[in-house]
Amino acid sequence: MPVDPIVTGLILAEVVNVPLVGEVDLEEHSVVLSTILIALVDGFNPCSLWVLVVLIGLVSHSGRGRVVLVGTTFLLVTAGIYGLFIAGLLSAFHYVAHLDVIRYVVATVAFAFAVVSLKEYIAFGRGVSLTIPDRVKPRIVARTRELIRSDGTITTVVFTALFAGGVALIELPCTAGFPLIWSSLVVEANVSGVSYVGLLLTYVLTYLSLELLVFLAAVTTMRRVEYGESRGRVLKLFAGVMMLFLGGSILVYPDLLESVSMTGSVVLLSVLLTVVIVIIDRSVVAISG
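Here the structure is a predicted model, which is why all the values come from computation and not from measurement.

1. Quick look at the overall build of the protein chain
- Counting secondary structure elements, the protein chain contains 11 helices and four strands.
- Considering the protein chain as a whole, with its 289 residues, one finds that 45% of them fall into the buried category.
- Sequence-distant contacts in the protein chain: of pairs separated by 6 or more residues, those separated by 24 or more amount to 78%.
- A total accessible area of about 14,400 Å² is found for the protein chain, and carbon and sulfur atoms account for 69% of it.

This is the structure in structure tokens:
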């Protein structure tokens, strides 16, 4: 009998009944679905979202056509650079994946990113940080204002591409942890050829999905999208909690990411724990205030 997609004891069903398709064994597509889950969480990136919101906000007064041109160019360049970065990680892993020590290195990096991300929730942007430095932000805004004053389509595209490239390189430390974990998963699964390219494209497109939604909302409404520090802190908390779970699973259960049910459970647990922490924190602040 077909099994509906349910969550039982925080474990996702292995077989789901898809309308017009029939039964689909999720475990046969575990690498694809794990890729989507990890990339989706990776996409909750305060660094990239802040830059996109600032960029769209400053050019929104120039008309919808300018917003579409600038936003599309920015996203394409960001996707290209991030894709090359991930491809480089995958290439490196292919040479060293056979070493047992790599699992401990990946777990250590995951824990380090988790600690810094969790710190961001308490002290956003202070000390060791995975956010865009405050000293750089005024320069980003200044370059964006120059973009607004640029004339001509070609000039705008070139300027936006150079700007996006510089920002993408600056923000790579914000999000390098998840590609590292995902790269180890792909190598362990022995994915290559067309499947490898497909997975890489899936990761990059899923990573950009939230930014695409922000971009489409801005183009449709032509209103400034609000994005403040409070939302950035929550995103960092979520990323830190999930990175902590993933790091622990790499040490205790290395094959976890090859199971979509277990990967989904990690994501769900991370969401629940993040919500609980935020509720408790805001309750304490409300009481003390």
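Now, onward.
2. Considering the UniProt feature "transmembrane region" (unreviewed entry) in the protein chain
- UniProt annotation of "transmembrane region" (unreviewed entry) refers to residues 31–55, 67–95, 101–118, 153–182, 194–222, 234–253 and 259–280 when read in the numbering used here.
- The span residues 67–95 is 100% helical and 0% strand by assignment, and the distance between its end C-alpha atoms comes to 43 Å.

3. Some words on a nonpolar patch on the surface
- On the surface, Phe 245, Leu 269, Leu 272, Leu 273, Val 276, Ile 280 and Val 284 cluster together into a nonpolar patch covering about 560 Å² of accessible area.
- If one sorts the elements of the nonpolar patch by residue count, helix α11 (residues 260–288) sits on top with six residues.
- Relative to the elements of secondary structure, Leu 273 occurs in helix α11.

4. Considerations on the side chain of Glu 211
- Looking at where Glu 211 falls in the secondary structure, it is placed in helix α9 (residues 209–221).
- With no salt bridge to any partner, buried Glu 211 finds its closest opposite charge in Lys 236, at an N-O distance of 12 Å.
- Filtering out sequence-adjacent residues up to four positions away, Glu 211 remains in contact with Ser 48, Leu 49, Leu 52 and Leu 75.

5. Considering the packing of aromatic side chains
- In total, this model carries three aromatic pairs according to the counting rule given.
- For the ring pair Tyr 82 and Phe 85, a centre distance of 6.2 Å and an interplane angle of 25 degrees mean the geometry is stacked. Taken as a pair, Tyr 82 and Phe 85 lie in helix α3 (residues 64–96) at a separation of three residues, close to a single helical turn.
- Judged by relative accessible area, Phe 85 falls into the partly exposed class, the value being 24%.
- Summarising the aromatic geometry, the rings of Tyr 82 and Tyr 207 are spaced 4.2 Å apart at their centres and angled 25 degrees between planes, so their arrangement reads as stacked. Placement of Tyr 82 in helix α3 and of Tyr 207 in helix α8 (residues 193–207) is noted, with a sequence separation of 125 residues between them.
- Judged by relative accessible area, which is 3%, Tyr 82 ranks as buried.

6. Here's the deal with the confidence of the model for the protein chain
- Averaged over all residues, the pLDDT of the protein chain is 75; the fraction at 70 or higher stands at 78%.
- α8 holds the highest mean pLDDT among the elements of the protein chain, 86, whereas strand β1 (residues 7–8) holds the lowest, 38.
- Taken as a whole, residues 1–26 scores under 50 in pLDDT and shows 45 contacts with residues more than four places along the chain or in a different chain.

7. Topic: α8
- For α8, which comprises 15 residues, the first-to-last C-alpha distance of 21 Å matches the rise-based estimate of 21 Å (1.5 Å per residue) to within 8%.
- Where α8 is concerned, the buried positions are Tyr 196, Leu 199, Leu 200, Tyr 203, Val 204, Thr 206 and Tyr 207.

8. As for the pattern of salt bridges
- Here the structure, examined in full by the defined rule, presents one salt bridge.
- Note that Lys 119 is salt-bridged to Glu 120, the shortest N-O span being 3.5 Å.

9. What about the environment of Ala 92?
- You can see Ala 92 is positioned in helix α3.
- Classification of Ala 92 as partly exposed rests on a relative accessible area of 40%.
- Along the chain, Ala 92 and Ser 183 lie 91 residues apart, while their C-alpha atoms are 9.3 Å from each other.

10. Brief notes about the packing of helix α2 (residues 46–59) against α9
- Relative orientation of the contacting elements α2 and α9 amounts to 15 degrees, with a least axis distance of 10 Å. Considering their axes alone, α2 and α9 lie roughly parallel with respect to each other. Handedness of the α2/α9 crossing: right-handed. Here α2 contributes Ser 48, Leu 49, Leu 52, Val 53 and Ile 56 to the contact with α9, which in turn contributes Leu 210, Glu 211, Val 214, Phe 215 and Ala 218.
- Split into classes, the residues belonging to the contact of α2 with α9 amount to eight nonpolar, one polar and one charged.

Parameters at a glance
Each chain carries its own residue numbering, running from 1 in the written order of its sequence. Reporting in this predicted model follows two pLDDT cut-offs: at least 70 for local features of residues, and 80 or more for side-chain atom pairs to be given and counted; totals over whole chains, interfaces and linings ignore these cut-offs and use all residues. Note that the side-chain values use all heavy atoms of the structure and ignore hydrogens as well as water. Helix numbering and strand numbering both begin at the N terminus, where a helix is a DSSP run of H or I of at least 4 residues and a strand a DSSP run of E of at least 2. When accessible area is computed with a 1.4 Å probe and restricted to protein chains, residues below 20% of their type maximum are described as buried, those above 50% as exposed, and intermediate ones as partly exposed. By definition in these notes, contact holds between two residues if any of their heavy atoms fall within 4.5 Å. Areas reported as accessible are Shrake-Rupley estimates using a 1.4 Å probe. Residue values count occlusion only from the protein chains shown. UniProt positions are given in the numbering used here, feature names are shortened, and annotations may be inferred rather than shown by experiment. Residues enter patches when their relative accessible area tops 30% and they take part in no salt bridge; the joining distance is 9 Å for like charges and 5 Å for the nonpolar side chains Val, Leu, Ile, Met, Phe, Trp and Tyr. Note on definitions: salt bridges are taken to be side-chain nitrogens of Lys or Arg within 4 Å of carboxyl oxygens of Asp or Glu. Charge counting treats Lys and Arg as positive and Asp and Glu as negative, with His and both chain ends excluded. Two rings belonging to Phe, Tyr or Trp (six-membered ring only in the last case) form a pair when the distance between their centres is within 6.5 Å. Interplanar angles under 30 degrees mark stacking, angles over 60 mark edge-to-face geometry, and anything in between is tilted. Across the chain, each position has a pLDDT score giving the predictor's confidence in that residue, from 0 to 100. Multiply 1.5 Å by the residue count of a helix minus one, and that product is the helix's expected span. Simply put, an axis is a line fit to the C-alpha atoms, just over the touching stretch for a helix, and the angle between two N-to-C directions goes from 0 to 180 degrees. To sort the angles, those under 35 degrees are grouped as roughly parallel, those over 145 as roughly antiparallel, those from 65 to 115 as roughly perpendicular, and the leftovers as oblique. By definition, any crossing whose near helix is turned counterclockwise from its far helix by less than a right angle is left-handed, and any crossing with a clockwise turn is right-handed. The nonpolar class holds Ala, Val, Leu, Ile, Met, Phe, Trp, Tyr, Cys and Pro. Asp, Glu, Lys and Arg form the charged class, and all remaining residues, Gly among them, are polar.

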